[in-house]
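Architecture and fold: a report
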Amino acid sequence: MLRWFQQYHAQRALPDDTGQLSKDLLASLMVMAWFVEAKDPYTGGHLWRVSRYANLVSKAGGLPAPDVARVTLGGFLHDLGKVAIPDAILNKTGKLDESEFEIIQTHPAAGGRMLAGHPLGHLVAAAVELHHERPDGRGYPHGLSASMIPIDAAIIGICDAFDAMTSLRPYRKPMPLEKVLAILRAEAGKQFNQFWCNHFLALAEQGELDAIMGHSDDGIPLHICPHCGPTVLQQSENKAGDLLACGVCHSEMMLCEQDKHWSVKPTGKKVAPAAWQPKADNVLIKRMIEDSISHIPMEQLIRFSR
Ligand SMILES: [Fe+2]
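Presented here is a report on the structure given in the accompanying data block. Every chain begins its residue count from 1, and numbering advances along the sequence as written. Only residues with pLDDT of 70 or above have their local features reported here, since the model is predicted, and side-chain atom pairs are shown and tallied only from 80 upward, although totals for entire chains, interfaces and linings are computed over all residues. Only hydrogens and water are set aside; all other atoms, that is, all heavy atoms of the structure, feed into the side-chain values.

**As for the overall build of the protein chain**
Only runs of H or I of at least four residues qualify as helices and only runs of E of at least two qualify as strands under DSSP, and these elements are numbered from the N terminus. Looking only at helices and strands, one finds twelve helices and seven strands in the protein chain. For 306 residues, the compact-globule estimate of 2.2 N^0.38 gives 19 Å, and the protein chain sits close to it at 20 Å. A principal-axis box enclosing the C-alpha atoms of the protein chain has dimensions of 55 × 50 × 40 Å. Here the Shrake-Rupley method, with its probe set to 1.4 Å, supplies the accessible areas, and only the displayed protein chains count as covering residues. Summed over its atoms, the accessible surface of the protein chain is roughly 14900 Å², and 56% of this surface lies on carbon and sulfur atoms. Residues scored as charged are limited to Lys and Arg (positive) and Asp and Glu (negative), so that His and the chain ends carry no count. A single reference atom marks each charge: NZ on Lys, CZ on Arg, CG on Asp, CD on Glu. Averaging the coordinates of the 30 positive side-chain charges in the protein chain and doing the same for the 34 negative ones gives two points 3 Å apart. For the radius of gyration, the atoms used are the C-alpha atoms, and the globule rule reads 2.2 Å times the number of residues raised to 0.38.

This is the structure:
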């Protein structure tokens, strides 16, 4: 596969082609990330939200545009390694036992290994492999101390934890925002990088994160199955009157829109389980690629391993 990319690159070594090849390669990585998200019916929109939070925080902290773009992409791709985690553990509704927790903790290193030979892997390697490291050295997989944790991982670690706490889980409702912010304040400098946590808190207090929380895209709220509770994703191309279905109980619902506010209304029918299949939102993926990759210098893009 790599040889094919090298030949492709050698034949089409013009900067324009490098840009297009980078977009194609990035699209493949983002679709892979969507596969992982589709494994869990409760985490709909998590990757988009983490990516959006990471974008705002990195801008607020003054990072230059190429770094903001890289951190934004890392936010979307950070959990790629979860593809290696059995669904029974990923979707367990009860508390994880010690051995299950050890298996969950392998996902950052697994993601790092899987990306090692990918021509764009270096762009997001820190986000993927190190987003569960902590400044106090109690994180995983390496137990790095504060100064050794790259900016990408420090920012995404905060955004990931915030989204986990403010999102619905099968075993609990979203935690109230004030409680989550209190946890961030208490953990700044311990679980979370102090500098980036301060910027995150300032954005949250100014209401700058409100349009991201509880959403799966710009202007699109997360819908919750009224029968059994998991998220039901509305995609960019959906319009009022479209039928969606819950991935767990397969209840059908109709998408409604009034004054740009979206909601779902149960139809009382069920779809056949085989008729409900997750689907990557390719419009959203394309938009995210276009918004980010033009900010990253060509020489920082594709790297072929030798
Ligand atoms: Fe993770």
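Moving on, there is more to tell.
**A word on the pattern of salt bridges**
Any Lys or Arg side-chain nitrogen located within 4 Å of an Asp or Glu carboxyl oxygen qualifies as a salt bridge. If you walk through the whole model with that rule in mind, you get 14 salt bridges. Salt-bridge contacts for Arg 70 lead to Asp 67; the nearest nitrogen and oxygen are separated by 3.2 Å. Of this pair, Arg 70 and Asp 67 both sit in helix 4 (residues 65–77), three residues apart, roughly one helical turn. Between Asp 218 and Arg 287 there is a salt bridge, with the nearest N and O atoms lying 3.9 Å from each other. With a gap of 69 residues between them, Asp 218 in the loop between strand 1 (215–217) and strand 2 (220–221) and Arg 287 in helix 12 (residues 282–293) connect regions that are remote in the sequence. A residue is classified by how much of its surface remains accessible, and Arg 287, at 28% relative accessible area, is partly exposed. Salt bridges here are not isolated pairs; linked through shared partners, they connect Asp 67, Arg 70 and Asp 152. Relative accessibility thresholds used throughout: buried, under 20% of the residue-type maximum; exposed, over 50%; partly exposed, between the two (1.4 Å probe, protein chains only).

**Quick look at helix 9 (residues 151–166)**
Taking 1.5 Å of rise per residue, 16 residues should cover 22 Å, and helix 9 covers 23 Å from first to last C-alpha, within 8% of that figure. The buried fraction of helix 9 is high, at 14 of 16 residues. To estimate the expected span of a helix, count its residues, drop one, and scale the result by 1.5 Å.

**Some points on the pairing of strand 6 (residues 251–258)**
We call two strands paired when DSSP finds no fewer than two bridges between them. Sheet analysis places strand 5 (residues 243–245) next to strand 6, joined by three bridges and oriented antiparallel. Considered in strand 6, the bridge of Ala 245 is made with Glu 252. Turn length for the strand 5-strand 6 hairpin, with the two strands adjacent in sequence and antiparallel, is five residues, and the turn residue His 250 shows positive phi of about 65°. The sheet contact formed by strand 6 and strand 7 (residues 261–270) spans seven bridges and is antiparallel. The partner of Ser 251 across the bridge, within strand 7, is Lys 270. Here strand 6 folds back onto strand 7, and the loop between the two strands holds two residues, one of which, Asp 259, carries a positive phi near 50°.

**Topic: the sheet that holds strand 5**
Read from one edge of the open sheet, three strands run 5-6-7, paired in antiparallel fashion. Since the sheet does not close on itself, it has two edges, and those belong to strand 5 and strand 7, each with one partner. When strand polarity is set aside, the average angle formed by the axes of neighbouring strands in this sheet is 35°. An axis is simply a line fitted to the C-alpha atoms; with a helix, the fit covers only the stretch in contact. Between two such axes, the angle follows the N-to-C directions and lies from 0 to 180 degrees.

Taken by themselves, the reported measurements are silent on function.
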